[in-house]
Amino acid sequence: MPKWTKDQLSVITAENKEILVSAAAGSGKTAVLVERVAELIRKGYKLNRMLIITFTHAAAAEMKEKIRKRLETERSEPVIAAALDSLESSDISTIHSFCQRLIRSQFQAIGKDPFVGICDEAQKKQLMRKAFRSALDLLSEEKRSFLLYLQYYA
């Protein structure tokens, strides 16, 4: 078991709070978050009721594996064993994946296409060009309106 700093312990044991963990690379953020998950499970929180978000798919997979390894060290505890059983159905993902699942499951309530996807770089460039052209058109229209205003009132 690592020796935690005061700040790390405050993250691990924080309850009913929104927390932001920000620290340099290699400072132990992932280890602290994994321990926080284990601590919450020991306190009776259900793993499959937690939302654990990372920035990349690789980081999400790594987080899931580290949680698995950490929980396996206490598998004899019933709440830990139950959490291990629910690990595959737990929500450990990127923010994009989470939002995409949420939109697909609630598409009728929000009035969106359930097959919405995350755009790739080519789609992103195309959307950016379209938005840029629309912005230029809007500015151009405003410029024409302004020039007409000047003609009549200047």
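Residues numbered from 1 in each chain as written. Predicted model: local features only at pLDDT ≥ 70, side-chain atom pairs only at ≥ 80, totals over all residues. Heavy atoms only, no water.

Asks: Would you mind going over the overall build of the protein with me for this structure?
Replies: Tallying secondary structure elements over the protein gives seven helices and two strands in all. Beginning at the N terminus, the succession of helices and strands in the protein can be written as α-α-β-α-α-β-α-α-α. Relative to its length of 154 residues, the protein is extended, with a C-alpha radius of gyration of 24 Å against a globular reference of 15 Å. Taken along its principal axes, the extent of the C-alpha atoms in the protein is 80 × 35 × 30 Å. (Helix = DSSP H or I, 4+ residues; strand = E, 2+ residues; numbered from the N terminus. Rg over C-alpha atoms; globule rule 2.2 N^0.38 Å.)

Asks: Where do I start with the environment of Arg-42 in this structure?
Replies: Assignment of secondary structure puts Arg-42 in helix α2 (residues 29–42). A residue is classified by how much of its surface remains accessible, and Arg-42, at 32% relative accessible area, is partly exposed. A sequence separation of 35 residues divides Arg-42 from Glu-77, and the C-alpha atoms of the two residues are 8.7 Å apart. Setting aside its immediate chain neighbours within four residues, Arg-42 contacts Glu-35, Arg-70, Glu-74, Val-79 and Ile-80. (Buried < 20%, exposed > 50% of the residue type's maximum accessible area, 1.4 Å probe, protein only. Contact = heavy atoms within 4.5 Å.)

Asks: Could you clarify how one ought to interpret the packing of helix α3 (residues 57–72) against helix α4 (residues 78–86) in this entry?
Replies: In helix packing, the relevant descriptors are the interaxial angle and the interaxial distance, both defined with respect to the helix axes. Following both chains from N to C, one finds α3 and α4 inclined at 155°, their axes separated by 10 Å at the closest point. What the angle tells us is that α3 and α4 run roughly antiparallel. Relative to α4, the crossing made by α3 is left-handed. Each of Arg-68, Leu-71 and Glu-72 in α3 lies in contact with α4, whose residues at this interface are Ile-80, Ala-83 and Leu-84. When the residues that make up the contact of α3 with α4 are grouped by side-chain class, the tally is four nonpolar, no polar and two charged. (Axes fitted to C-alpha atoms, helices over the stretch in contact; angles between N-to-C directions. Parallel < 35°, antiparallel > 145°, perpendicular 65-115°, else oblique. Left-handed = near helix turned anticlockwise from the far one by under 90°. Nonpolar A, V, L, I, M, F, W, Y, C, P; charged D, E, K, R; others polar.)

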